[in-house]
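Residue-level structural notes
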Amino acid sequence: MGTMTATQAMTGDALSVGIVSTYPPTECGLATFSAALANGLRSCGGDAAVHSACRVGVVELVDQQRLSADDVVFQVVRDDMRSVAAAASWLNGFDAVVVQHEYGIFGGVDGDDVLGIVDGVDRPIVTVLHTVLDSPNPHQREVLEALCRRSATVVVMTYAARTRLLERFTVEARRVVVIPHGAHENRSLATDHRSHEQPTVLTWGLLGPGKGIEAGIEAMSHLRSMIPPPHYVVAGQTHPKVREASGEAYRDSLKAHAREMGVAHMVHFDDEYRDLTDLKALIRSADVVLLPYESRDQVTSGVLIEAVASGKPVVSTDFPHARELLSSGAGIVVPHGSTEAMSSALERVLHDHRLARSMAAEAARISAPTMWDAVARRYLDVLVGLAVSQPRFSDLDLPFDRRDHVRTSRVDYASHVA
């Protein structure tokens, strides 16, 4: 028999899914990812072929308790072991649980509080790995391997991540599946107008060390003789943790670097907050997207996926996700540390319109499976496949009925420990 699909398995009752993650208004990639996945699960669970829409609730990871979004049922406060212990009783009110994992979003040493959460969960767990370290320390290895053992399914977003996970960690291969990072539909519209008098190079995302903006600025210095010279837009607010530690000192240092390189007139720092609609318009306005990241180990990049899904030519440093996604011609991968190679690739894309069109066409071809509706349906198939073998809770409203407790000034965590 073939694998049962979500459409085949879902009948009368709504599947309920609990997501463990940071969540908006937190400003980070995992929060944005989780919100998009939650919306996608609700949408694809409620299409005409399925009787009931998917129910989604969030157990939110926070540094301190605060007002929450409507779909947040509970908050786990960093390093508060009462809330860590209480989380499982909330998650056990769902049919299945999705845990978003990066070491830094959980409390404890190397985020090992995640194990305190999942150890009390008796629902099937799907863990999504946003980071797979190439050289983990012994405790990081121990945490990830324990989390994977506790998970019915482990999701990675690239084949590079799957290969690294199986080579560097002791994880059962049968548990590991590849589901790409989701992207929003963002093809250029007839009403979009880009200036051809001065081509635009775009880098976006939360601003902080490691994003390689210094290299992007230096690459612009090699393009000053282009006629007309490109306009480099660095869009995004300063990362909240960077801003908390040093205000806007890092952004100011980048502006100073642009002045020192003689390209201050070519580089524009845009710290405006953009909702999804405005961000999509910004991406469509670019002629090429530049990812100058310093990391050589990044196996997942949401920015890269969004750029390709928007049909934009990409120039990127050589990290695993870029190497995998751009290998068929949707972009150009350049070595780390070579701003000359970076500037040469940018110049090729900006001057050779045939090359730019072919890259955009290849981006369109490969991006269909990364649209959020397709990605959410892949997750739904996995979740339903796990949930149908488990007993269903008769009171699916329990977590949602409890969520008003999150909005009180203090949560009595101990009273909710299973």
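The structure reproduced in this document is the subject of the present report. (Residues numbered from 1 in each chain as written. Predicted model: local features only at pLDDT ≥ 70, side-chain atom pairs only at ≥ 80, totals over all residues. Heavy atoms only, no water.)

1. Quick word on the overall build of the chain
Quick note on the threshold: Helical segments are the DSSP runs of H or I of at least four residues, strand segments are the runs of E of at least two, and each set is numbered from the N terminus. Throughout this description, buried means an accessible area under 20% of the type-specific maximum (1.4 Å probe, protein chains only), exposed means over 50%, and partly exposed covers the range between. Here, two residues are considered to be in contact whenever any of their heavy atoms come within 4.5 Å of each other. Each accessible area is a Shrake-Rupley estimate made with a 1.4 Å probe; only the visible protein chains count as cover when residues are assessed.
Counting its regular elements, the chain contains 16 helices and 13 strands. By the burial criterion, 53% of the 418 residues in the chain qualify as buried. Summarising the internal contacts of the chain: among those between residues at least 6 apart in sequence, 74% fall at separations of at least 24. Carbon and sulfur atoms form 52% of the exposed surface of the chain, whose accessible area is close to 17,900 Å².

2. Overview of the pattern of salt bridges
Stated precisely, the cut-off is as follows: The term salt bridge refers to a pairing of a side-chain nitrogen on Lys or Arg with a carboxyl oxygen on Asp or Glu at a separation within 4 Å.
All told, the structure shown has 17 salt bridges when counted by the stated rule. Notably, a salt bridge pairs Arg 164 with Asp 297, separated by 3.9 Å at the nearest N-O pair. Note that Arg 164 is positioned in helix H6 (residues 159-168) and Asp 297 in the loop between strand E11 (288-291) and helix H11 (302-309), a separation of 133 residues in sequence. Linking Glu 172 and Arg 175 is a salt bridge whose minimum nitrogen-to-oxygen distance equals 2.7 Å. Judged by relative accessible area, which is 16%, Arg 175 ranks as buried.

3. Brief notes about the sheet that holds strand E12 (residues 314-317)
Rules: Any two strands with at least two DSSP-identified bridges between them are counted as paired. Axes, fitted as lines to C-alpha atoms, cover a helix only where it is in contact. Angles between the N-to-C directions of the axes lie from 0 to 180 degrees.
Taking strand neighbours across the sheet as the criterion, the six strands line up as E10-E9-E8-E11-E12-E13 in an open arrangement whose pairing is parallel. The open sheet is flanked by strand E10 (267-270) and strand E13 (331-334), the only strands paired with a single partner. In this sheet, neighbouring strand axes are inclined to one another by 20 degrees on average, regardless of whether the strands run parallel or antiparallel. Against the sheet, helix H13 (residues 339-351) touches strand E8 (200-204), E11, E12 and E13, its axis set at about 165 degrees to E13.

4. Some thoughts on the packing of H13 against helix H14 (residues 353-367)
Put simply, the rule is: Any angle between 65 and 115 degrees counts as roughly perpendicular, while under 35 counts as roughly parallel, over 145 as roughly antiparallel, and the rest as oblique. Just so you know the grouping, Ala, Val, Leu, Ile, Met, Phe, Trp, Tyr, Cys and Pro go in nonpolar, Asp, Glu, Lys and Arg go in charged, and all remaining residues, Gly too, go in polar.
Direction vectors running N to C along H13 and H14 enclose 95 degrees, while the axes themselves pass 5 Å from each other. Classed by the angle they form, the pair H13 and H14 counts as roughly perpendicular. Of H14, the residues touching H13 (which contributes Arg 348, Val 349, Leu 350 and His 351) are His 353, Leu 355, Ala 356 and Met 359. For the contact of H13 with H14, the residue count by class is five nonpolar, two polar and one charged.

5. Considering the packing of helix H7 (residues 213-221) against H13
Put simply, the test is: With the far helix as reference, a near helix turned anticlockwise by less than a right angle produces a left-handed crossing, and one turned clockwise produces a right-handed crossing.
Where H7 meets H13, the axes come as close as 8 Å, and the angle between the chain directions of the two elements is 65 degrees. Where H7 crosses over H13, the handedness of that crossing is right-handed. The residues of H13 that touch H7, namely those facing Ala 215, Gly 216, Glu 218, Ala 219 and Met 220, are Thr 339, Met 342, Ser 343 and Leu 346. Per-class residue counts for the contact of H7 with H13 are five nonpolar, three polar and one charged.

6. Quick word on the sheet that holds strand E3 (residues 72-77)
Hydrogen bonds along the backbone pair up the strands of a sheet, which may run parallel or antiparallel. Taking strand neighbours across the sheet as the criterion, the seven strands line up as E3-E2-E1-E4-E5-E6-E7 in an open arrangement whose pairing is parallel. The open sheet has two free edges, formed respectively by E3 and strand E7 (176-178), since each of these has just one partner strand. When the angles between neighbouring strand axes are averaged without regard to direction, this sheet yields 20 degrees. Of the strand pairs in this sheet, strand E5 (residues 125-129) and strand E6 (residues 153-156) are connected by three bridges, and their pairing is parallel. Across the sheet, the residue bridging to Thr 127 is Val 154, located in E6. Set on the sheet, helix H3 (residues 81-91) makes contact with strand E1 (16-21), strand E2 (55-62), E3 and strand E4 (96-101); between it and E3 the angle comes to about 160 degrees. Packing against the sheet, helix H5 (residues 138-150) makes contact with E4, E5 and E6, and its axis sits at approximately 145 degrees to E5.

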